[in-house]
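One letter stands for each residue in the lines below.
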Amino acid sequence: MSWLTDPWSTELVTRAGLELVLVGVLGGALGVFVVVRGLPFTVEAFSHTVFPGAVLASALGGSIIAGGLAAGLAAAIGIAFASRAARTSDETAVGVVFTGMFALGVLLASALGPLDHDISSFLFGDLLGVSRVDLVASTGLAILVIGVLLVLRRPLILGSFDRDVAAAAGMRPGAIDMILLCLLALAVVVAIRAVGTVLVLALFVTPAASARLVARRVGTTVATAIAYGVASGIGGLYLSFHADVAAGGAVVLVATGLFVVTWLASPRSGLLGVVQRLRTARPVPL
């Protein structure tokens, strides 16, 4: 029992655990749409486009979370408008905004002085540095994102699988895309506090990929992805505490391990299912 209870004896670890639960919920819920729509590169781009806002906020003595949030929302709107330009694909728009925003962040970092601890933790994560203010802000953003997902679940699901049908039903796929990009920007800012920009992509892709191996319906897949995300966060926190390793890397490794175990054991599309089908297959007569 002490192995289970010792990590929660300090307030730092308790706040870190609550932050990971919020990240797991956001990563799981939005990650399904990221995987279905093929948006992993967009998430990776958002993790870098928030950099100039964080640098500027740190230089002005403000909150780097607020600065990153402002930059992320600006990038989401920029990507949405750039993708509507003639002969500009979604991937091209993301690439243009991503490189431009990150270059701006590098320029600001070199002009405004050396990177301090806060900016370094923004890049690589500082889970045990989550303050009460950070936790309150993360909770508010998580409630906002989940609330919007619940309200717009039907157009989001329909637009993810068939944009033409969504448009014929009177929905506006372009507006839905912009809303989804803004939600991703909000969620990425929350997740960056836990694992940093380097590893944030894994929290949106790996739990959703694991859930798709075992679930069929969208609602069930989202719930399963959330469970995988929360389990990865708490499991990674235990691994970090007892093995004395970096928390962000531990969380991502646990998520990857859960994916591998799920893939091996999945009766529908995993290695176990393949073996069972080979054993039960009838030989073809010569």
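Everything below is about the structure printed above this text.
Residues numbered from 1 in each chain as written. Predicted model: local features only at pLDDT ≥ 70, side-chain atom pairs only at ≥ 80, totals over all residues. Heavy atoms only, no water.

Visitor: How should I be thinking about unusual backbone geometry in this particular structure?
Guide: Only a minority of non-glycine residues have a phi that is not negative, and only a minority of peptide bonds are not trans. The backbone of D244 shows a phi angle near 55°, a positive value even though the residue is not glycine. Residue position: D244 is located in the loop between α12 (218–243) and α13 (247–265). Using a relative accessible area of 69% as the deciding quantity, one classes D244 as exposed. (Helix = DSSP H or I, 4+ residues; strand = E, 2+ residues; numbered from the N terminus. Buried < 20%, exposed > 50% of the residue type's maximum accessible area, 1.4 Å probe, protein only.)

Visitor: Explanation requested: the packing of aromatic side chains in the structure shown.
Guide: Throughout the structure, instances matching the rule amount to 2 aromatic pairs. Between F51 and F102 the ring centres are 5.6 Å apart and the planes differ by 35°, which places this aromatic pair in the tilted class. A residue pair is termed long-range when its members are at least 10 positions apart, and F51 in helix α4 (residues 51–59) and F102 in helix α6 (residues 90–112) qualify at 51 residues. (Phe/Tyr/Trp six-rings, centres within 6.5 Å; stacked < 30°, edge-to-face > 60°.)

Visitor: Can you walk me through the packing of helix α2 (residues 11–37) against helix α9 (residues 153–161) in this structure?
Guide: Geometrically, a packed helix pair is captured by the angle between its two axes and the distance between the axes. Relative to each other, α2 and α9 sit at 20°, their axes nearing to 9 Å. With respect to α9, the element α2 is oriented roughly parallel. In this structure, α2 crosses over α9, and the sense of that crossing is left-handed. Contact residues: F33, V36 and R37 in α2; L156, I157, G159, S160 and F161 in α9. Classifying every residue of the contact of α2 with α9 by side-chain character gives 5 nonpolar, 2 polar and 1 charged. (Axes fitted to C-alpha atoms, helices over the stretch in contact; angles between N-to-C directions. Parallel < 35°, antiparallel > 145°, perpendicular 65-115°, else oblique. Left-handed = near helix turned anticlockwise from the far one by under 90°. Contact = heavy atoms within 4.5 Å. Nonpolar A, V, L, I, M, F, W, Y, C, P; charged D, E, K, R; others polar.)

Visitor: Can you help me understand the packing of α2 against helix α8 (residues 132–151) in this one?
Guide: Where α2 contacts α8, the two axes come as close as 10 Å, and the packing angle between them is 20°. Judged by the inter-axis angle, α2 sits roughly parallel to α8. When the axes of α2 and α8 are compared, the crossing they make is left-handed. Seen from α2, the contacting residues are E11, R15, L18, E19, L22, V25, L26, A29, L30 and F33; seen from α8, they are R132, D134, L135, S138, T139, A142, V145, I146 and L149. Taken together, the residues of the contact of α2 with α8 sort by class into 12 nonpolar, 2 polar and 5 charged.

Visitor: Would you mind showing me how to read the environment of T139 here?
Guide: Tracing the backbone shows T139 in helix α8. Spatially, the C-alpha atoms of T139 and L22 are 6.9 Å apart, while their sequence positions differ by 117 residues.

Visitor: Just checking my understanding: could you explain helix α5 (residues 64–82) for this structure?
Guide: A turn of α-helix holds 3.6 residues, and therefore any two residues three or four places apart point the same way. The terminal C-alpha atoms of α5, which comprises 19 residues, lie 26 Å apart, in line with the 27 Å expected from a rise of 1.5 Å per residue. Listing the buried residues of α5 in full gives I64, I65, G67, G68, L69, A71, G72, A75, A76, I79 and A80. (Expected span 1.5 Å × (residues − 1).)

Visitor: I would appreciate a short explanation of a nonpolar patch on the surface in the present structure.
Guide: Nonpolar side chains collect at one region of the surface, where M1, W3 and L4 lie side by side and expose about 390 Å² of accessible area between them. Turning to its location among the elements, M1 is positioned in the segment before α1 (2–5). (Patch = residues over 30% accessible without salt bridge, like charges linked within 9 Å, V, L, I, M, F, W, Y side chains within 5 Å. Areas by Shrake-Rupley, 256 points an atom, 1.4 Å probe, with all protein chains shown as cover. Salt bridge = Lys/Arg side-chain N within 4 Å of Asp/Glu carboxyl O.)

Visitor: Explanation requested: the pattern of salt bridges in the structure shown.
Guide: A side chain with one charge can pair with a side chain of the opposite charge if their charged atoms come near. As enumerated under the stated definition, the model contains 2 salt bridges in all. Two residues, E11 and R15, come together in a salt bridge whose shortest N-O distance is 2.9 Å. Of this pair, E11 and R15 both sit in helix α2, 4 residues apart, which is roughly one turn of that helix. Taking relative accessible area as the criterion, E11 reaches 40% and is therefore assigned partly exposed. For R15, a relative accessible area of 14% translates into the label buried. The partner of R132 in a salt bridge is E11, and the shortest N-O contact between them spans 2.8 Å. Of this pair, R132 sits in helix α8 while E11 sits in helix α2, and the two are 121 residues apart along the sequence.

Visitor: It is not clear to me how α2 should be interpreted in this structure. Could you clarify?
Guide: Taking 1.5 Å of rise per residue, the 27 residues of α2 would be expected to cover 39 Å, and the 39 Å separating its terminal C-alpha atoms lies within 8% of that figure. At G31, α2 shows its maximal kink, close to 35°. With its phi angle positive at about 70°, G38 sits one or two positions after the end of α2. (Bend = angle between axes of the 7 residues up to and from the residue.)

Visitor: In this structure, what is going on with the nonpolar core? I would like to understand it.
Guide: Side chains of a nonpolar character, in soluble globular proteins, are inclined to be buried together. Core analysis: the largest hydrophobic core is formed by 64 residues, its most contacted members being L30, F46, L127, L149, L184, L203 and F204. Listing elements by their share of this core, those giving two or more residues are α2, α3 (40–49), α5, α6, α8, α11 (173–214), α12 and α13. Setting aside anything within four residues of it in sequence, one finds L127 in contact with A16, E19, L20, R193, A194, L237 and A247. (Core = buried A, V, L, I, M, F, W, Y, C linked by side-chain atoms within 4.5 Å.)

Visitor: For this particular structure, what's the right way to read empty space enclosed by the protein?
Guide: Using a probe with the size of a water molecule, rolled over the atoms, empty space left in the structure can be pinpointed. Applying the stated criterion across every chain, the model contains 3 cavities of 30 Å³ or more. In this structure, the largest cavity occupies an estimated 60 Å³ of space. Along the walls of the largest cavity sit L20, V23, G24, G27, G28, L203, P207, G229, S232, G233 and V251, which together make up its complete lining. At the level of elements, α2, α11 and α12 are the ones that each hand at least two residues to the lining of the largest cavity. No other element matches α2, which puts 5 residues into the lining of the largest cavity. Here the residues of the lining of the largest cavity sort into 5 nonpolar, 6 polar and no charged. In this structure, the second largest cavity spans a volume of roughly 40 Å³. Forming the walls of the second largest cavity are E19, I65, D134, A137, S138, V189, V190 and R193. Elements supplying a minimum of two residues to the lining of the second largest cavity: α8 and α11. (1 Å grid on protein atoms, 1.4 Å probe; cavity = no way out; pocket = protein on both sides within 12 Å on 5 of 7 lines; lining within 4 Å. Points joined across faces, edges and corners; volume = space filled by probe spheres on them.)

Such coordinate-based values are descriptive only and should not be taken to indicate function.
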